[in-house]
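As a plain string of letters, each chain reads:
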Amino acid sequence: MSLKSELLNRLSYLLRRGQFDRELDEEIEFHIETRADELEAGGLVRAEALARARREFGSGARAKEETRAAWQFGWVEDLARDVRYCGRAFRRSPGFAAAAIVSLALGIGANTTVFSLVKAILLGGLPVRAPARLVSLHQPSGAARLSYPDYEDYRRQVTSFEDVAAAYPAVPRSLNAQDDAERLWGQLVTTNYFPVLGAEPPLGRGFTTEEFHSAVVVISDSIWKRRFGADRGIVGRTIRLGGQGYVVVGVAPPRFSGHIRGLVTDFWIPLGLHEQAVPQLQQGARGRLEQDRNQRWLYVTARLKEGLSPASAEAALQAVAGRLDEAYPRGREKRRLRLEAADALAMGLPQAKSLLSTLMVVVALVLLVACANVANLLLARAAARQQEFGIRLAIGAGRSRLVRQLLTESLFLSMAGALLGAVLAWLATNTLGRLQSSVPYPIALDLTLDGRVLLFTAALAIVTALVFGLAPALKGTRAGLSFALKGDGSGFAALRRFGLKNSLVVAQVALSLVLLVASGLFLRSLRNAASVPLGMDPKDVLLVSFDPRAAGYTNERAEVLFGRVLEGVRALPHVRSAGLVDTPPLSLAPNAVGVSQPGERAAVLADIYGVTSQYFGTLGIGLTRGRDFARSEPAGLPAAIVNEALAERVFPGVDPVGHTVNWEGMPHQVIGITRNAKSRTLAEKPRPQIFVSLEKEYSYFWGMAGVVLSVKSDGAATGLAEPVRGLLREMDPALPVYEVETMADHVDRALLLPRVCGALFGVFGGIALALAAVGLYGVMSYSVRQRTREIGIRLAIGARPGDVLRMLVRQGAWLVGVGLVIGLGLAYSVSRVATAFLYGVSARDGLTFAGVSVLLFGVAMAAVLLPARRAAGMDAVRSIRYE
Amino acid sequence: MKQPEYPELLPGTLYMMVLRTLTRGPLHGYAIAKRIKEASREGLVVEEGSLYPALNRMVVKGWLTAEWGVSENNRKARFYQLTTEGAKQLEREAGEFDRLVRAIQLVMKSA
């Protein structure tokens, strides 16, 4: 008989225990009666025979107990009993249970949400074979790009790697359907990409070495499902990307989205196709890409040989780099490479990291406050249950048994809290997922609550149960039997001076203050950010993004297209003006270039925009001097418009109109000056900006985004969405329109970060305040209740109610005051972290600190005053008799 | 009234003897105890208090099955029956026990 069936036997016992017990009784009864029959046959009368049989059998109860034990999993039964018991206990005080569970749910839910963000952004885990052995090659400057010939040399000469692959990410191509072109994001990859990554297509295959220049494609699992209905016959079929035919050779593994985490990749094509797929890559090249060592455009990923450390591989790389430096010197800049884990987040946003760490601190604080609160409630409850514990100890329950019972109760609370918290986190991550999908880049973070996150939540539940449950459990059962039965609660008298309970009150006030300061700062920041002057007028402006390059347009053909589109749109009814821009302001990601006067070495870093005529008028960015771009610019130097901030920095004290300005060494003539307008974020100080002609210099703008048509209407901007879409579709059905939004929504989105922070902290702050108030009220009422007799005596020997009130309030105020002082110190030292996210308010804003302190003090004192007043109003005689 | 004194069972032998007793067919608890007492010519007695837990442990382990039936005195009684697993267990235990007894006897005789 196997262990499994033994287990099953035991389980079946658990399920029909009642029946089993009855049967056991019957069996023992049968035994006794049979024995009695025998004795009766031997001459005894029935009654005597029965009595003797019973005596002989001994303690039936013990036999039953032992028999039952044969079937039970001892601890499971005990646990079930404990859980049933605490279920009953909580049913008796549902208010307490609800308060505890909700506090914990908020704390745990917030932590789970932030952890799912941390998991998505900071924790590794490409869905590939042995991801730990994948490294990416970085230059020390942090730039991750290498030239093709260098890549080939490293690949051939460094023996520490199984193999090395290279890729060029973010190749936009439109996937053509009937009249609905969708923009997909692809990568150009070396043919060994899939084997190196360890992501061999489960359907079809990766690329063969011979396919370096072939028009073949591997599509992602999600595109295969979404666009091709998971048709297994897709392999071998030709699909059209950017107007060109590609033969599908494979479908990538599910969840695999390329080696750059967070960046969506829909398809992969061989690197040799770069000329047809990304013609602008050749722009400005001094030779062919595959021979030019100065064109650094490839992201290189390598798979370490089994058992080799990255450090040894790095040394081997360095040796090769040294040889390459000798053979192909690059001036002063030496080749040096670092190895990094291959799945580092694409957008190594330091901002995201510091936001995350701030959030982690905050949610940890929320959880701590919740724990302190529940611990407080439990302590108070333990005090009230002294008598119950005393009786249980008296009838022989061990102290460990009681502690276990109390910990079971804590665990019960925290599990319920975790369950509710997981639901909250699920709601929160869903909301967050929707928010980030509105970012105009192919970014997708895996925010799902997977096993790892749920494990984290469960662990959190257990840890919190210990944090808030252990101390009250130990404290509550320590008091000996005698006094507990007397029930005067004097075991807690020792706590009154500065025991656990008081420290909890102080901690709670302090932590609540930190959270309230944070929410105060963020809410003020949000208000400031919402009312900041933009330097432009987003009213009635529609933004329509489309991507000519994804549809296979060359720069020359795109220039023609821009003219036709602008002409067509301006002729539409209700259109006041229309212009094009490569990236609308407040998108966080314009290119920055060095701008200087000719001959000057020091350059000013400026955001560069490619725009067409009427762009400034459409967005309401005023021109202070000079003129706008014209449809046909005069021959000579290309034209540029600069903003006031740039004019001040590059041409101090001079009117730059008519002067020449260089960006990245290319001379332009300044034809106009605009007012300062926001460029990247609302919080920024005016940034230098330079505008050049999108039509003439489209080749320069080959970032990830296409171009954005901005249209000012004479009414509601949304009414233009369909006519403009229709016009674009009419001009070229293959042209992917990937985003339509109003400028007002776009500006709103720039407020997302302060808004999300404001909302989060507003909610957390509110929770902290509510928890603090509830906790303080609970603690004060219990402590007053315990001191009922003392207060009664004071009243009886002549103290006036006012004196008692003053005494209680003074003691409460003292605790709250200590908490406030500690909290202020804490808040002052951690608020610096928030600086990056604040607009128009200092992280150490005195008004916020003072206001929040007053608010918290007021709430805390109200929580103290209520029970104190009740106590002071007591009838002296009754209160002495209280017990 | 004083209970007659019986030598106690060697530890661990109860299972073996119950299994052995059941090789001739199913019996209820009382009959098992009685059979052991008689077979040992009153030399051994099974305490009822330990018999039923032992029977149940053996059912849990799958050496026995238990079924309700009617006893010789027309009462409802639970009858225990040996399973193949139980028979194997008996063989194992009996073998080991024989070896143990022989070894003890050798020691006792050599002295």
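Here the structure is a predicted model, which is why all the values come from computation and not from measurement.

Concerning the overall build of chain A
- Tallying secondary structure elements over chain A gives 27 helices and 22 strands in all.
- Expressed as a percentage of its 883 residues, the buried residues of chain A come to 52%.
- Taking the intrachain contacts of chain A between residues at least 6 apart in sequence as the baseline, contacts between residues at least 24 apart amount to 80%.
- Of the roughly 38,500 Å² of accessible surface on chain A, a fraction of 59% belongs to carbon and sulfur atoms.

Concerning the interface of chain A and chain B
- Across the contact, 25 residues belong to chain A and 25 residues belong to chain B.
- When the two sides are added together, the surface that chain A and chain B hide from each other amounts to roughly 2,600 Å², 53% of it contributed by carbon and sulfur.
- In this assembly, chain A and chain B are joined by 6 salt bridges.
- Of the charged contacts, one joins glutamate 38 of chain A and lysine 34 of chain B as a salt bridge, the two residues approaching to 2.4 Å between their closest N and O atoms.
- Inspection of the chain A/chain B interface yields 10 residue pairs in polar contact (both at pLDDT 80 or more).
- Taken together, the elements giving at least two residues each to the side of chain A that touches chain B come down to helix H1 (3-15), helix H2 (17-41), helix H3 (46-57) and helix H4 (60-71) of chain A.
- A total of 12 residues in the side of chain A that touches chain B trace back to one element, the largest contributor, which is H2 of chain A.
- Of the residues contributing to the side of chain A that touches chain B, the split by class is 8 nonpolar, 4 polar and 13 charged.

Let's talk about empty space enclosed by the protein
All names here are of chain A.
- Tallied over the entire structure, the rule returns 5 cavities of 30 Å³ or more.
- Quantified by volume, the second largest cavity comes out at close to 80 Å³.
- Considering the residues around the second largest cavity, the lining is formed by Leu378, Arg381, Ala382, Arg385, Leu406, Glu409, Ser410, Gly469, Pro472 and Ala473.
- In terms of residue class, the lining of the second largest cavity is made up of 5 nonpolar, 2 polar and 3 charged.

A word on the nonpolar core
Residue and element names in this part refer to chain A.
- Counting residues in each nonpolar core, the largest one holds 51 residues, and the members touching the most others are Val509, Leu515, Val517, Phe764, Leu776, Val816 and Leu856.
- Of all elements in the fold, only helix H6 (94-121), helix H12 (350-384), helix H17 (500-530), helix H23 (752-786), helix H25 (801-830) and helix H26 (846-872) reach the threshold of two or more residues within this core.
- Of all the elements, H17 adds the most residues to this core, at 12 residues.
- Both domain 2 (75-124 + 350-490) and domain 4 (513-532 + 744-882) contribute no fewer than three residues apiece to this core.

Considerations on the pairing of strand S20 (residues 689-693) of chain A
Residue and element names in this part refer to chain A.
- Most of S20 sits out of view: 5 of its 5 residues are buried.
- Where strand S15 (residues 604-611) lies against S20, 5 bridges are found, and the strand directions are parallel. Its bridge partner lying in S20, valine 611 is registered against serine 693.
- Bridge count between strand S17 (residues 639-643) and S20: 3 bridges; the pairing is antiparallel. Each residue of the ladder has a partner; that of isoleucine 641, found in S20, is phenylalanine 691.

Quick look at the pattern of salt bridges
- In the structure shown here, the tally under the stated rule is 35 salt bridges over all chains.
- Between glutamate 23 of chain A and arginine 78 of chain B there is a salt bridge whose closest N-O contact spans 3.1 Å. With glutamate 23 of chain A in helix H2 and arginine 78 of chain B in strand S3 (residues 76-82), this pair bridges two chains.
- Arginine 78 of chain B sits in the buried class, given a relative accessible area of 8%.
- A salt bridge links glutamate 211 of chain A to arginine 205 of chain A, with the shortest nitrogen-to-oxygen separation between them at 2.8 Å.
- Judged by its relative accessible area of 36%, arginine 205 of chain A is partly exposed.
- One salt-bridge network, in which partners are shared between bridges, spans Asp150, Glu152, Asp153, Arg156, Arg293, Asp325 and Arg335 of chain A.

Here we look at the sheet that holds strand S2 (residues 64-70) of chain B
All names here are of chain B.
- The antiparallel open sheet is built from 3 strands, whose spatial order is S1-S3-S2. Strand pairing shows two members of the sheet lacking a second neighbour, strand S1 (27-28) and S2, which therefore form its edges.
- Relative to S3, S2 is paired through 7 bridges, and the arrangement is antiparallel. Of the residues in S3, the one forming a bridge with leucine 64 is leucine 82.
- Together, S2 and S3 form the strand contacts of helix H3 (residues 48-61), whose direction differs from that of S2 by roughly 120°.

Here's the deal with the environment of tyrosine 738 of chain A
Residue and element names in this part refer to chain A.
- Following the sequence through the fold, tyrosine 738 ends up in strand S22 (residues 737-742).
- Looking at tyrosine 738, the relative accessible area reads 23%, which means it is partly exposed.
- The spatial distance from the C-alpha of tyrosine 738 to the C-alpha of valine 544 is 7.9 Å, given a sequence separation of 194 residues.
- In terms of polar contacts, tyrosine 738 uses its side chain to reach the side chain of arginine 183, at 3.4 Å.
- One polar contact links the side chain of tyrosine 738 to the main-chain amide nitrogen of glycine 706, over a distance of 2.7 Å.

Focus on the confidence of the model for chain A
All names here are of chain A.
- With 85% of its residues at a pLDDT of 70 or more, chain A has an overall mean of 80.
- Within chain A, helix H16 (residues 481-486) has the poorest average pLDDT of any element, 42, and strand S6 (residues 216-219) the best, 95.
- Taken together, the stretch residues 480-498 has pLDDT below 50 and engages in 33 contacts with residues farther than four places along the chain or on a different chain.

Some points on the packing of helix H1 (residues 13-21) of chain B against H3 of chain B
Residues and elements named next belong to chain B.
- Contact geometry of H1 with H3 gives a least axis separation of 11 Å together with a crossing angle of 75°. The orientation of H1 with respect to H3, classified from their angle, is roughly perpendicular. Each of Leu14, Tyr15, Val18 and Leu19 in H1 lies in contact with H3, whose residues at this interface are Ser50, Leu51, Ala54, Leu55, Arg57 and Met58.
- Among the residues making up the contact of H1 with H3, the classes are represented as 8 nonpolar, 1 polar and 1 charged.

Observations concerning the packing of helix H2 (residues 29-39) of chain B against H3 of chain B
Residue and element names in this part refer to chain B.
- Where H2 meets H3, the closest approach of the two axes is 11 Å, and the angle between their N-to-C directions is 115°. Of the possible angle classes, the one that applies to H2 and H3 is roughly perpendicular. Crossing hand, H2 versus H3: right-handed. Touching Gly29, Tyr30, Ile32 and Ala33 of H2 are Leu51, Tyr52 and Leu55, all from H3.
- Along the lines of polarity and charge, the residues of the contact of H2 with H3 split into 6 nonpolar, 1 polar and no charged.

Considerations on the pairing of strand S10 (residues 298-304) of chain A
Residues and elements named next belong to chain A.
- By the criterion of burial, S10 is predominantly enclosed, with 6 of the 7 residues buried.
- Here strand S1 (residues 134-138) pairs with S10 via 3 bridges, running antiparallel. Across the sheet, the residue bridging to leucine 134 is arginine 303, located in S10.
- In this structure, strand S2 (residues 145-146) lies alongside S10, joined through 2 bridges in antiparallel fashion.

Parameters and conventions
- Residues numbered from 1 in each chain as written.
- Chains lettered and ligands numbered in written order.
- Predicted model: local features only at pLDDT ≥ 70, side-chain atom pairs only at ≥ 80, totals over all residues.
- Heavy atoms only, no water.
- Helix = DSSP H or I, 4+ residues; strand = E, 2+ residues; numbered from the N terminus.
- Buried < 20%, exposed > 50% of the residue type's maximum accessible area, 1.4 Å probe, protein only.
- Contact = heavy atoms within 4.5 Å.
- Areas by Shrake-Rupley, 256 points an atom, 1.4 Å probe, with all protein chains shown as cover.
- Buried area = accessible area lost by both parts, 1.4 Å probe.
- Salt bridge = Lys/Arg side-chain N within 4 Å of Asp/Glu carboxyl O.
- Polar contact = N/O pair within 3.5 Å; in protein donor to acceptor, adjacent residues only side chain to side chain.
- Nonpolar A, V, L, I, M, F, W, Y, C, P; charged D, E, K, R; others polar.
- 1 Å grid on protein atoms, 1.4 Å probe; cavity = no way out; pocket = protein on both sides within 12 Å on 5 of 7 lines; lining within 4 Å.
- Points joined across faces, edges and corners; volume = space filled by probe spheres on them.
- Core = buried A, V, L, I, M, F, W, Y, C linked by side-chain atoms within 4.5 Å.
- Domains from an automatic or database assignment.
- Pairing = 2+ DSSP bridges.
- Axes fitted to C-alpha atoms, helices over the stretch in contact; angles between N-to-C directions.
- pLDDT = per-residue confidence, 0-100.
- Parallel < 35°, antiparallel > 145°, perpendicular 65-115°, else oblique.
- Left-handed = near helix turned anticlockwise from the far one by under 90°.

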